[in-house]
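Structural description and commentary
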Amino acid sequence: MTLNFAGPVAGSWIVDALAAQSADSEVADLVAGQVPSGYEAYARIFHPALGLDGEAVRWGRIAKGRGTTMHGGAQFTPVSGIGEDGIALVEDAWEGEAPSGDGLPAGELAAMAPILAAHTQTPAEIFLALWNGLAFIHGGDRIEVLHDDDPELSDEENAARREAANAEAKRPAFSEEVRNGPTLQMGSAYRSFYVFEGTFEDLASPLWARTSEGEQRQAPNLAWPADRAWLLSTELYEDSSIVAGSRTLIDALLACPDIEAYEVAIDTRLDLEGDNVNPMPVEVEGDDDDDDLGEYIEGEFTN
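Let us look at the structure shown here. (Residues numbered from 1 in each chain as written. Predicted model: local features only at pLDDT ≥ 70, side-chain atom pairs only at ≥ 80, totals over all residues. Heavy atoms only, no water.)

So, on to the overall build of the protein chain. Check the secondary structure of the protein chain and you find nine helices and 15 strands. For the protein chain, the residues scored as buried account for 45% of the 303 residues in total. Of the accessible surface of the protein chain, which amounts to about 15700 Å², a share of 47% is contributed by carbon and sulfur atoms. (Helix = DSSP H or I, 4+ residues; strand = E, 2+ residues; numbered from the N terminus. Buried < 20%, exposed > 50% of the residue type's maximum accessible area, 1.4 Å probe, protein only. Areas by Shrake-Rupley, 256 points an atom, 1.4 Å probe, with all protein chains shown as cover.)

To continue, consider unusual backbone geometry. A positive phi angle, near 60 degrees, is found at Arg228, a position not held by glycine. Here Arg228 shows up in the loop between β10 (222–225) and β11 (231–233). The backbone phi angle of Tyr237 is positive, close to 65 degrees, even though this residue is not glycine.

Strand β12 (residues 240–245) sits mainly inside the fold: six of its six residues count as buried. Looking at chain direction, strand β2 (residues 41–46) and β12 are connected through six bridges and run antiparallel. Residue pairing across strands places Tyr42 opposite Ala244, the latter belonging to β12. The pairing of β11 with β12 spans three bridges and is antiparallel. Each bridged residue has a counterpart across the sheet, and for Leu231 the counterpart in β12 is Ala244. (Pairing = 2+ DSSP bridges.)

Core analysis: the biggest nonpolar cluster contains 57 residues, and Met112, Phe174, Trp224 and Val243 have the highest contact counts within it. If we skip the residues at most four places from it in the chain, Met112 touches Ile45, Leu104, Leu232, Val243, Leu253 and Ile259. Among the nonpolar cores identified, the runner-up in size contains 12 residues, and Val57, Trp59, Met70 and Ala74 belong to it. (Core = buried A, V, L, I, M, F, W, Y, C linked by side-chain atoms within 4.5 Å. Contact = heavy atoms within 4.5 Å.)

Take helix α4 (residues 106–117) next. One full turn of an α-helix is made of 3.6 residues, so residues set three or four places apart face in the same direction. Counted at 1.5 Å a residue, the expected span for α4 with its 12 residues is 16 Å, and the 16 Å between its end C-alpha atoms agrees. Those residues of α4 not exposed but buried are Glu108, Leu109, Ala111, Met112, Ala113, Ile115, Leu116 and Ala117. Residues of α4 that are buried in the fold lie against β2, α8 (200–204), β11, β12 and α9 (247–255). (Expected span 1.5 Å × (residues − 1).)

This next bit is on the pairing of strand β7 (residues 192–198). Judged by how many residues are buried, β7 sits mostly within the fold: six of seven residues are covered. Sheet topology note: the strand β5 (residues 126–131)/β7 ladder contains six bridges and is antiparallel. Pairing of Trp131 across the sheet is with Phe193, part of β7. Bridging between strand β6 (residues 184–185) and β7 involves two bridges; their strand directions are antiparallel. Each residue of the ladder has a partner; that of Leu184, found in β7, is Phe193.

A word on the environment of Pro182. The topology assignment puts Pro182 in the loop between α7 (176–179) and β6. Residues Pro182 and Gly7, 175 residues apart in the sequence, show an inter-C-alpha distance of 6.0 Å. Once you skip the residues sitting within four places of it in the chain, Pro182 turns out to touch Phe5 and Pro8.

On to the packing of aromatic side chains, then. Applying the stated criterion to the full structure yields 13 aromatic pairs. Ring centres of Trp131 and Tyr237 lie 6.0 Å apart, and the angle between their planes is 75 degrees; this geometry places the pair in the edge-to-face category. Placement of Trp131 in strand β5 and of Tyr237 in the loop between β11 and β12 is noted, with a sequence separation of 106 residues between them. For Trp131, a relative accessible area of 15% translates into the label buried. When its relative accessible area of 60% is taken as the criterion, Tyr237 is described as exposed. Their ring planes at 65 degrees and their centres at 5.5 Å tell us that Phe196 and Trp208 sit as a pair that is edge-to-face. Of this pair, Phe196 sits in strand β7 while Trp208 sits in strand β8 (residues 207–211), and the two are 12 residues apart along the sequence. Here the aromatic residues Phe5, Phe136, Phe174, Tyr194, Phe196 and Trp208 are joined through ring pairs into a cluster of three or more. (Phe/Tyr/Trp six-rings, centres within 6.5 Å; stacked < 30°, edge-to-face > 60°.)

If you want it as structure tokens, here you go:
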């Protein structure tokens, strides 16, 4: 299938709804900061963490191993014992890496797409929005290219080969018309998105462009059908996605064995304060003259 550039008009209803919701109170850290109110139900899709051998690991498995609790407002640091900088904060911290922050993984998106398609009257008219700051879109020096030299070629030939490959790789993936076209602006300046139109097949595995580095596929930051029956939102650099929709849709997502989903409310917090179940280790400042602060265990240092 082919994604067609649509422009921001199709998503203006989202901008208007979020602006209205933030008029009376600060909602940036709530579910209401990502999706409109008024839907029957909401689900949070947790992006998997990475184990030591690179395998996807669900938060529930980590929580079970550490004795913490999974719930809709869970946050990775108190669940895993790993700080935002990737450093273990407690003795029993989970050994692995936090979710990448690169968006909803391909496997989870592929599992969700047919469920989403079954809960709209317009599965052949799906809008997908992609952040306009991605490197491959604009090319240029944002693209880092590494090439191995061919031992059978001279230094001059390898240099020419690298130069040609770099020039090709650094070409913008989107046309000038799209790059300079209008974007969907969501609040702050960095939340700017190109909007395309496709079908639920495109949603399952969006092909944004083909470049010398291969097919550029990744989950959209926003997706919704023409009838607005649901909205999928993945905030930039976050470790979970939000789906707003009907009661039957959310129930279907909660029952899907291929994703880790928990129900949330429109006022559920999505920052560290939202995890009111698992304790957050609190750093204790040591004596300025004491370089040996000892071992950090369950919120306090011991020597």
